[in-house]
Amino acid sequence: MAKTSAHAKGNGVKFPLTFLAAVLEKNKAPLALREVVFKGPLARGQVLARVRYSGICGKQIEEIQGSRGADRFLPHLLGHEGSGAVVAVGPEVTKIRPGDRVVLHWVKGAGIDAEPPLYQSGGVRVNAGWVTTFNEYAVVSENRVTKISDDADLEIACLLGCAATTGVGVILNEAKVEPGESVAIFGCGGVGLMAVQGARLAQATPVIALDKNRPSLDMALKFGAQLVVDMSREDALEKIRAVTGGRGAQHVIVATGDPKVIELAAEASSVPGSVFLVGVPPAGAKITVDPFRIHCQRTLTGSFGGGCVPDRDIPRYLELHETGKIKLDAMIVGAIPLRRINEGVSALLSGAAGRWIVKMDGESA
Ligand SMILES: [Zn+2]
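Residues numbered from 1 in each chain as written. Predicted model: local features only at pLDDT ≥ 70, side-chain atom pairs only at ≥ 80, totals over all residues. Heavy atoms only, no water.

**Q** Any chance you could break down the coordination of the zinc ion for me, citing the residues and the numbers?
**A** Tetrahedral coordination by four donors places them ideally at 109.5 degrees to one another around the metal; octahedral coordination by six donors ideally gives 90 or 180 degrees. The coordination sphere of the zinc ion, as far as protein atoms go, consists of Cys57 (SG), His80 (NE2) and Cys162 (SG), spread over 2.0 to 2.2 Å. If you list the donors of the zinc ion from N- to C-terminus, the spacing comes out as C-x22-H-x81-C. Taken as a pair, cysteine 57 in the loop between strand E6 (46-55) and helix H1 (58-65) and cysteine 162 in the loop between helix H2 (154-157) and helix H3 (163-175) lie far apart in primary sequence, 105 residues in all. (Donors = N, O, S within 2.8 Å, 3.2 Å for Na, K, Ca; no water. Helix = DSSP H or I, 4+ residues; strand = E, 2+ residues; numbered from the N terminus.)

**Q** Please set out the sheet that holds strand E19 (residues 298-302) residue by residue, giving values where relevant.
**A** Across the sheet, which stays open at both edges, the six strands sit in the order E16-E15-E14-E17-E18-E19 with parallel pairing between neighbours. Every interior strand has two partners, whereas the edge strands, strand E16 (227-230) and E19, have only one. Strand after strand, the sheet turns through a mean of 15° between neighbouring axes, direction not considered. As paired strands, strand E15 (residues 207-211) and E16 are joined by four bridges and run parallel to one another. The residue bridging alanine 209 from the neighbouring strand is valine 228, located in E16. Running over the sheet, helix H5 (residues 214-222) touches E15 and E16 and is turned about 175° from E16. Those strands touched by helix H7 (residues 259-266) are strand E14 (183-186), strand E17 (249-254), strand E18 (269-277) and E19, and its axis lies near 155° from that of E18. (Pairing = 2+ DSSP bridges. Axes fitted to C-alpha atoms, helices over the stretch in contact; angles between N-to-C directions. Contact = heavy atoms within 4.5 Å.)

**Q** Please give an account of the pairing of strand E21 (residues 355-359) that cites residues and values.
**A** As defined by bridge partners, E6 adjoins E21 across three bridges and the pair is classed as antiparallel. Of the residues in E21, the one forming a bridge with serine 54 is valine 358. Remark: the strand E20 (residues 332-337)/helix H10 (residues 341-349)/E21 crossover connection has right-handed handedness. (Right-handed = clockwise from strand over helix to strand, strands pointing away.)

**Q** Which residues make up a negative patch on the surface, and what values do they have?
**A** Residues Asp151, Asp153, Glu319, Glu322 and Asp329 make up a contiguous surface patch of negative charge. By secondary structure assignment, the location of aspartate 329 is in the loop between helix H9 (310-322) and E20. Among the residues examined, aspartate 329 registers a relative accessible area of 48% and is labelled partly exposed. (Patch = residues over 30% accessible without salt bridge, like charges linked within 9 Å, V, L, I, M, F, W, Y side chains within 5 Å. Areas by Shrake-Rupley, 256 points an atom, 1.4 Å probe, with all protein chains shown as cover. Salt bridge = Lys/Arg side-chain N within 4 Å of Asp/Glu carboxyl O. Lys, Arg positive; Asp, Glu negative; His and termini not counted. Charge placed at Lys NZ, Arg CZ, Asp CG, Glu CD. Buried < 20%, exposed > 50% of the residue type's maximum accessible area, 1.4 Å probe, protein only.)

**Q** I'd love a proper account of the pattern of salt bridges, names of residues and values included.
**A** Across all of its chains, the model carries 19 salt bridges by this definition. We note a salt bridge from arginine 52 to aspartate 361, for which the minimum N-O separation is 2.9 Å. Taken together, the positions of arginine 52 in strand E6 and aspartate 361 in the segment after E21 put the pair 309 residues apart, joining distant regions of the chain. Under the relative-accessibility criterion, aspartate 361 is labelled partly exposed at 43%. Here the salt bridges do not stand alone but share partners, grouping Asp100, Lys147 and Asp150 into one network.

**Q** Give a description of the confidence of the model for the protein chain that names residues and reports values.
**A** Caution is warranted with low-pLDDT regions, since their predicted coordinates should not be read in detail. When the pLDDT values of the protein chain are averaged, the result is 94; 96% of them are 70 or greater. Scored below 50 in pLDDT, residues 1-8 makes 13 contacts in the model with residues more than four places away or belonging to other chains. (pLDDT = per-residue confidence, 0-100.)

**Q** Just give me the short version of the domain arrangement of the protein chain, but keep the residues and values in it.
**A** Examined at the domain level, the protein chain breaks down into domain 1 (4-161 + 328-359) and domain 2 (167-306). Computed from C-alpha coordinates alone, the two centres of domain 1 and domain 2 are separated by 30 Å. Each partner contributes to the roughly 1200 Å² buried at the junction of domain 1 and domain 2, and carbon and sulfur atoms together form 68% of this total. The largest share of the area that domain 1 buries against domain 2 comes from Arg68, Met331 and Ala353, three residues that together contribute 38% of it. On the surface where domain 1 and domain 2 come into contact, there are zero salt bridges. Looking at the side of domain 1 that touches domain 2 residue by residue, the classes come out as eight nonpolar, four polar and three charged. (Domains from an automatic or database assignment. Buried area = accessible area lost by both parts, 1.4 Å probe. Nonpolar A, V, L, I, M, F, W, Y, C, P; charged D, E, K, R; others polar.)

**Q** Can you lay out the packing of H3 against H9 for me, pointing to particular residues and giving the numbers?
**A** Where H3 meets H9, the closest approach of the two axes is 11 Å, and the angle between their N-to-C directions is 100°. Viewed along their axes, H3 and H9 adopt a mutual orientation that is roughly perpendicular. Seen from H3, the contacting residues are Ala164, Thr165, Val168, Gly169, Leu172 and Asn173; seen from H9, they are Arg312, Asp313, Ile314, Arg316 and Tyr317. Residue composition of the contact of H3 with H9, by class: five nonpolar, three polar and three charged. (Parallel < 35°, antiparallel > 145°, perpendicular 65-115°, else oblique.)

**Q** I'd like a rundown of the nonpolar core, residues and numbers included.
**A** Judged by nonpolar contacts, the single largest core of 51 residues is most densely connected at Leu160, Ile171 and Ile253. Among the secondary structure elements, those contributing two or more residues to this core are H2, H3, E14, helix H4 (190-201), E15, H5, H9 and E20. Two domains share this core, each providing at least three of its residues, namely domain 1 (4-161 + 328-359) and domain 2 (167-306). Setting aside its immediate chain neighbours within four residues, isoleucine 253 contacts Val170, Ile171, Val183, Ala184, Ile185, Phe186, Ala195, Phe276 and Val278. Counting residues in hydrophobic clusters, the runner-up holds 26 residues, among them Ile96, Leu104, Val140 and Val358. (Core = buried A, V, L, I, M, F, W, Y, C linked by side-chain atoms within 4.5 Å.)

**Q** Quick one: what's the story with unusual backbone geometry, residue by residue and with numbers?
**A** Peptide bonds are trans in most cases, and residues, glycine excluded, mostly fall at negative phi. Backbone torsion omega between phenylalanine 15 and proline 16 reads 0°, so that peptide bond is classified as cis. A cis amide bond links glycine 40 with the next residue in sequence, proline 41, at an omega value of -5°. With respect to the element layout, proline 41 can be found in the loop between strand E5 (32-38) and E6. One non-glycine residue, lysine 176, adopts positive backbone phi at about 50°. Among the secondary structure elements, lysine 176 is positioned in the loop between H3 and E14. Phi at glutamine 203 takes a positive value of approximately 60°, unusual for a residue other than glycine.

See below:
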């Protein structure tokens, strides 16, 4: 096929563009590493980014496992927290320019909500959403990229696509935690650990972290949790009540989708008090709650990405990291090249603590 030149503003990128991507072809199976083609040109509001780093988030584990039911988009690209640089922009994109360093995120920010791109691999159509990050290049919607400073550390910046903005955001934007208020965080994966950091930043006390996985609790302690509860052998409600004068925590954050944990967490708040559901439950799950407590003003609220406003929060949280108020680097426990992404997925499935990240042009851990 003759190569055509791009109808894009930028550095003269040539389409079709071929690059490596991890493709979800089948649930409960390893991701397939494929050469994927974007034919071009960029459509209105689309941005071509060279992805440098991507986090592996619990959401992708759910997609791989198929826990939300039948996936009608297979085969498709995935990943929703990344960092990189803009290569070219499509018509009417005004927010960013080629060369800009950006965070790729799933929550909508300012800018055009463009059509999701279509890719091909071996002549087969490969679907993608408005943002994907398990790929060397990504065609993303203008409203899913946010510019960061030219000297920002891209390795840590990928966490601002989801884990950091969701975890810190649920504390600051949604729960609006005040100094001296009690916070209990169920589930200490990437988002839960960032919520622990957010709670310490907000000067909450006590900050209680709960999980079944000891290494995750050790990280929570490192990030400032004042009490950790090993849910595999300790009574969560008893422990929380013991340090909150029997009342329960004023703010309960549920960073897991496990319905049993959600049920337990819903009992853990004070009355009045608030419970925020951050983790995504499996399709069709049901929980039982005590309606009298709801009547007495215990609120059960869903968190949508920590109430993140990307254009406001991403630069703000990056500054919190740069001034040492939150620690993004300490969240990263391993970096692997894209070709070995399935090792990171397996690590998460087997209960690794902290965030594994994918380094697109890296060869070693
Ligand atoms: Zn995520």
